Structure formats: structure tokens, C-alpha cells
Amino acid sequence: MKQVFFIDESGPPLGHMILAFGAYLGGFDGNFLWNRIGAEYPSSVPVWTLRLVPALCGSLCIPLAYLLLLELGCSHTAALGAALLLLLENSLIVQSRFMLLESVLIFFLLLSLLSYLKFHNSPSSSRVRSAWLLLTGASCACAVGVKYMGLFSYILLLAVAAVHTWQMIGDQALGHGRVLWQCVCRAVCLLAVPMLSYLLYFYVHLSLLYRSGPHDQMMTSAFQASLEGGLSRITQGQPLEVAYGSQVTLRSAANQPIPCWLHSHKVNYPIRYENGRGSSHQQQVTCYPFKDVNNWWIIKDPGKQDLVVSSPPRPVRHGDVVQLLHGMTSRFLNSHDVAAPMSPHAQEVSGYVDFNVSMPTQNLWRVDISNREAESEVWKTILSDVRLIHVNTSAVLKLSGASLPDWGYRQLEVVCDKNYKGYHSSGGWTVEEHRYGTSQEQKERELELHSPTHIDINRNLTFMAKFLELQWKMLTVKQEESEHKYSSSPLEWVTMDTNIAYWLHSSSNAQIHLIGNPVSWGVASLCLSAYLLLALLYLLRRRRALKDIPDEAWSQFVLSGVVCVGGWAVNYLPFFLMEKTLFLYHYLPAHTFLLLLIPVILEHLHTHLLRSVSHKRALSVCVLAGLTSVYLSYRTFTPLTYGTPELSAQELASLRWRDSWDILYRHR
């Protein structure tokens, strides 16, 4: 709401924009810190409109489930059963009542599958057939735009569409022109529309969030400079081309463990380290994670003594050999065959001090512009990604990532690595702050370092450059590994061995927990096993030319499995590969597809496997008893779903059906 830039590693910006739109409708001005779970909202926060979209999407999932099962070839009774199962699922109700995005994601997943099946099942002469295909692409884009997990369901849908398209191509009843037209339409609607929509979400996102924010440091200097405030206030009007005599700060292209700048100070390395190894005892060179006057360096021509920019300025180009002089201490950046303090396999980097001990200066560096477009590329402020290669040893100046001990003030270690191959962000450096030096004397230069001059240069990033950088950061940023009280592993989700407390009343036992309906949760897992066993049995028997069910019923069984079991798999199995803190709510999209599988399996048993009337009646009685149990289970846990009515300590204790559930209560 304040149009401040941020990064959320959980997914693209569409979900947050949807919530922000609800806040905008409610007149929210953004003046509330969402930094404490369970904090009471002031009257200025329009809670109703913020929760409106998730609640609406959660409600619409019910009719979508009904219509989806009809398109899978199920009866109205089975479709009604699926809708009831979603309606009585406590976890889906809880998740849709808060400002959370799972219900929005599930809505778009179901809508995309329904739209595609509507398109596939519609006669070719239908006028609305193309509209269903277009809605499919738009829904897929929305699902991916809400959370990255939507990408796996999108890939599943593309696989189904590819199979259907391949079958259409082999249909001899269709002419060549019609087949070509159908292929083009599917490519446009299922590939081009989602891609363009995805780009549109980021375009709107970056257009709205144009102000500097707390996540700026994760981005490159060029990205930061494109935002209003923050770094742009410092870098606005800086010279574009780095010249001999330029005064610069060099930021590491690596953002891990934290962003930092090449730094030196009037402290030398210890003569000997704690492990007994010796050092050069020269001036320390580190990477410092804060803005500081000791981050300034002067680009010097080795063949001249001048420390000021000539007129006209003589730019530094790719391949040039330079010296880097520390602005405040006048020590040259140096490296030599001495082991680095924390990384003994690499060379030490220092500010050269001549102790007359047969350790000659080795302070020449070759400029290698990694993102150059030509061999004569000029070194540019913010835009150029540069490697500094030590001329004497061919080692690359890089951030090792290790922290120095107390003698190094816990700053980050900088080394020279001879084994550096290819390109890695740890070896890249970007000129962030830059001015043309005008003072030759040290005292005058120190004053100049505190009062930069500006030359107006405009260097706005294009949208695609910002999009690609932001996309890469969102995909690669690592969440700090932390153990949360309610975090869980994917193996615990299937049996619901965990829960999450969403709200606790400050003085009573009223509370809201993310706990699913235990009955439907267990039945869903059983139906998953039943489907897999049936599918394996059918495949083996059909391999032996034994067809237990008609081909039409087999096709329906396979398509239902691809949608329901496939939907469960692509929304569940990827979490086993993710290195992030996980919670039970991550399982809800997968669990939704398992709920849809229950009526599919039951109707298949009733229609194709049970022959006698008595067996079918027995199954009907079991289904009725199961639905009753689902409803009773739903009613039992409604106090934890809606937070009302308040229960006594004994009543809350009776709801702890699993010892692993964490339900809090106060004894009175």
C-alpha cells in the first residue's frame, strides 16, 4: 500500500496484489506493522475487505469441485459428494477465513482444470469452446502468479493437453488446415497467454513498488538505483564511465551471506593466527556490510602518479591493468603467495605495507568485464559486472563468505582464488558509488570522500532487465533455516500428525487451529491407495488382453486419476526437495485433489466392480455412514475452526485426538 519494494520468496506478486486490492477497497493506508502473529488490529485496518478475496475464493471452490467431477464423467451424486467433502473440510474453511493465499491458489487450480475439461468435452462446433481454452490459459497464469507451486499443476495440465493434441493430430476426419488451426490456438492460449500474463503481473508489481524498501540490499546496484529513495538518492547524477582517477565503492555481486563492500582500515593482520600460521602482517582488506568512508578506492593508472581524473576523462576498459588505492589510508590493494586467514587454500589480500622483508609489491589488477558486449567495453558505474584478476598470479579477487575473528571485527573475508573457474557471483564486483577525483593531496582527498560531486547521467533499467533479476532473486533467495513451533515435514501431512494455532484469545480458551477433518483426511488416504492398486491391477490384466471394464470407462478412470492423483502428486511430492520451513497448510492444495478422488473411487466401485444389488446397497449404506461421520467430525471441530463457542479445558482436551497436536487451554 505504501508502494515500497519488497521480495517474497514464497511466490510471484499476484497473490499479494489481490490482497492489496482488497485493502485498497477498504481504504487501508498501509500504516500497520504485520510483525506479530495474533496482534489485535486497530480500527484503521479493514479486516473485512482484506479477508474478502480468500473467503470468496474458498467458497467458489465448492461449485468448482462439483462442476469438475461432472466434466470427469461422474454422476451428479458423485459431484455432490465431492462438493460436500470440500464444504465440510475444516482446514479449508480455516485457511479461507484469513488473509492467506492457499484458498486463492486452489481456486485457480480448480478453475484451470475445469476450463480445460470444458474445452476438451465441448463439441468442435461450440462457439464458447475457444473461450474455455482462453480461460484455461488465464487461470494457469493466475495459479502460477499466486504461488510458484501452481507451476507444477500447470505442467500437469500442459501434459494432458499435449496428449489430447497428439490424438487430435492423428484424427483422419479432420483436415490439415483445421488441425493446424487447433494447434496454433492451443499454443497461443496455453503457452503465450500464461507467459504474457505472468509478465504483466510483474510489470504492474514493479510499476507500483517504485520506492526503496528493506529488501533493496538483495538486489544489484543497478536495480537499487532505479528505485526512488535509498541508493538512488546517493547515485543520482554519478558519472557513468569509470576513468583513471575515479573514486569508487565496489560492492560484491554475491548477496550471501549478506551484501558487502570492499573495505580496508588502519589495522594489520596478526603476525600469527590462532592455528599457528603466519601472515604478511600487512593492512587488512575485508568486505564490510555497511556504508563507510573506508569503502572508497581510487582507480589509478600504474604508469602515472596522478590520482585525479584528467580532462577529458580517460575511461577504463575491459582488459586494462589498474591499481586500486585505498582512499583513506593510501595503501594499494595487494595479493601475494601468503595463505588467507580463514581460507588457507586461497591467497591473502592486503593493503600493501613495505616492511623491507623481501615481500615485493604485487598490486596490479586486470579488469575483466563479465557482462561486456564488446572487447573494448568501458567499465560503467552500476551496470558493469567486473572481475579483478591479479596480474602476478592470475588469481581472482573474490568474497570467500567466511567471517573473520575478533581481530578482523567479524567482517567478511576477501581472498584471491587461483582455482576460480567460469563465473560465480562471489568473484564479481560492481561500482556502486562513483565520483571523479579532483584532489591530489591526501588531506584534501579525505574531505572530498565525504562530499561527492554529481554529473547528471540517466541509466534507468529496462523492465525486462528488472524482471529477470527479480525473478532470479525470488527463485534463488534462501530462506533462513529456522525451526518453528508448528513447522512440520511432508510425511506428517498425510496422517495429519501436526496442527497450527492461528489465533488464541488473550484471556479465554477461544482459539482457532488449522486442523483438518480427521475422517475425510483418513478416507482420502485410503482412496489414494485403492486407486493405485486398482490402476496397477487393471494395467496388468489389460497387458494380458483381459479387459475388466469397457474402454470408455477405462479412459474415464485414467483421466480422473491424472487429474486427482496427478494433482495430488504435483502439489505434494516437490516439497520433499525443498529446503525451507514447511507447514501443514502447504498440503492443502494436494489434499483438495484427494478429496475429489473419494467420490471417483466410490462411484467406480459401485458402477463397474460390484455386480450384485446387495453389494451395491451395502456400499451405499457405507457411503451414507461415512458422510455422516464426516459431518459429525466437522461439527466436533467447529469450535477450533471458527473460534466459537469457547470450550472448557476438559472439552479442549477431548479434541486432542493425536498426542502430537498442540492445543492450548487454561484451567479455571
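These notes cover the structure that comes with them. Bear in mind that the values here come from a model prediction, so they are computed numbers and not experimental data.

The rules behind these values
- Sequence order as written defines residue numbering, which begins from 1 separately in each chain.
- Given that this is a predicted model, residues contribute local features only at a pLDDT of at least 70 and side-chain atom pairs are listed and counted only at 80 or more, while totals for whole chains, interfaces and linings are drawn from all residues.
- The basis for every side-chain value is the complete set of non-hydrogen atoms in the structure, without hydrogens or water.
- Whenever Lys or Arg places a side-chain nitrogen within 4 Å of a carboxyl oxygen from Asp or Glu, that contact is recorded as a salt bridge.
- Helix and strand assignments come from DSSP, with helices taken as H or I runs of at least 4 residues and strands as E runs of at least 2, each series counted from the N terminus.
- For every residue, the accessible area (1.4 Å probe, protein chains only) is compared with the maximum for its type, and the residue is labelled buried under 20%, exposed over 50%, or partly exposed between those bounds.
- Two joining distances apply to patches: 9 Å for like charges and 5 Å for nonpolar side chains (Val, Leu, Ile, Met, Phe, Trp, Tyr), and every residue must have over 30% relative accessible area and no salt bridge.
- Here, Shrake-Rupley sampling with a 1.4 Å probe gives the accessible areas, and only protein chains in the shown set may cover a residue.
- A pair of strands is labelled paired if DSSP reports no fewer than 2 bridges between them.
- Cavity and pocket criteria rest on a 1 Å grid covering protein atoms alone: a 1.4 Å probe that fits but cannot get out defines a cavity, protein on both sides within 12 Å along at least 5 of 7 lines defines an open pocket, and an atom within 4 Å of a point defines a lining residue.
- Grid points are joined across faces, edges and corners, and a volume is the space filled by probe spheres set on the points.
- Each residue gets one of three labels, nonpolar for Ala, Val, Leu, Ile, Met, Phe, Trp, Tyr, Cys and Pro, charged for Asp, Glu, Lys and Arg, and polar for the others, Gly among them.
- Any two of the Phe, Tyr and Trp rings considered here, Trp counted by its six-membered ring, make a pair once their centres fall within 6.5 Å; the pair's planes then place it as stacked at under 30 degrees, edge-to-face at over 60, or tilted in between.
- By definition here, charges over rings are those cases where NZ of Lys or CZ of Arg is within 6 Å of the ring centre and within 35 degrees of the ring normal.
- Every axis corresponds to a line fitted to the C-alpha atoms, with the helix fit spanning only the stretch in contact, and the corresponding angles, defined between N-to-C directions, vary from 0 to 180 degrees.
- By definition in this entry, angles of less than 35 degrees are roughly parallel, angles greater than 145 are roughly antiparallel, angles of 65 to 115 are roughly perpendicular, and the rest are oblique.
- Note on definitions: a residue-residue contact is assigned when non-hydrogen atoms from the two residues lie within 4.5 Å.

Following the criterion strictly, the structure yields 15 salt bridges and no others. Put simply, Glu71 and Lys118 hold a salt bridge, and the shortest N to O gap is 3.3 Å. With Glu71 in helix α2 (residues 47-71) and Lys118 in helix α5 (residues 102-121), the pair connects residues that are 47 residues apart, well separated along the chain. A relative accessible area of 23% places Lys118 in the partly exposed class. The closest approach of N and O atoms between Lys291 and Glu432, which form a salt bridge, is 2.2 Å. Separated by 141 residues along the polypeptide, Lys291 in the loop between β3 (283-288) and β4 (296-300) and Glu432 in strand β12 (residues 429-436) bring together distant segments of the chain. For Glu432, a relative accessible area of 0% corresponds to the buried category. Each of Arg251, Lys291, Glu432 and Glu433 takes part in salt bridges that share partners, so that together they form one network.

Moving on: a nonpolar patch on the surface. Together, Leu200, Tyr203, Val204 and Leu208 line one region of the surface with nonpolar side chains, adding up to about 350 Å² of accessible area. Under the relative-accessibility criterion, Tyr203 is labelled partly exposed at 46%.

So, on to the pairing of strand β5 (residues 321-326). In terms of burial, β5 is a largely internal element, five of the six residues being buried. Pairing analysis gives four bridges linking β4 to β5, with the strands arranged antiparallel. Counterpart to Trp297 in the pairing with β5 is His326. With two bridges connecting them, β5 and strand β8 (residues 365-369) associate as antiparallel partners. When the sheet's bridge partners are listed, Val321 is paired in β8 with Arg366.

This brings us to empty space enclosed by the protein. Going through the model one piece at a time under the given rule, you end up with three cavities of 30 Å³ or more. Taken together, Phe6, Ile7, Asp8, Gly11, Pro12, Pro13, His16, Phe202, His205, Leu470 and Met474 form the lining of the largest cavity. Contributing elements (two or more residues each) for the lining of the largest cavity: α8 (176-208) and α12 (463-476). Its residues placed into classes, the lining of the largest cavity shows seven nonpolar, three polar and one charged. Taken as a whole, the second largest cavity holds about 40 Å³ of empty space. If you go around the second largest cavity, the residues you meet are Leu109, Ser112, Leu113, Cys140, Ala143, Gly150, Ser153, Tyr154 and Leu157. Among the residues making up the lining of the second largest cavity, the classes are represented as six nonpolar, three polar and no charged.

Tallied over the full model, the rule gives 26 aromatic pairs. With a centroid separation of 4.4 Å and an interplanar angle of 20°, the aromatic rings of Tyr531 and Phe557 are classed as stacked. Taken together, the positions of Tyr531 in helix α14 (residues 518-543) and Phe557 in helix α15 (residues 551-572) put the pair 26 residues apart, joining distant regions of the chain. Taken together, the ring pairs in this structure connect Trp493, Trp521, Trp568, Tyr572, Phe575, Phe576 and Tyr587 into an aromatic cluster. The positively charged end of Arg129 is found above the aromatic ring belonging to Phe119, 4.2 Å away from the centroid. Sitting over the face of the ring of Trp296, Arg435 holds its NZ or CZ atom 3.5 Å from the ring centroid.

The next point concerns the packing of helix α7 (residues 150-169) against α8. Axis separation between α7 and α8 bottoms out at 11 Å; the angle between their running directions is 175°. Considered as vectors, α7 and α8 are oriented roughly antiparallel to each other. Of the residues in α8, those touching α7 at Tyr154, Leu157, Leu158, Ala161, His164, Thr165, Met168 and Ile169 are Val179, Gln182, Cys183, Arg186, Leu190, Leu191 and Pro194. When its residues are assigned to classes, the contact of α7 with α8 shows 11 nonpolar, three polar and one charged.

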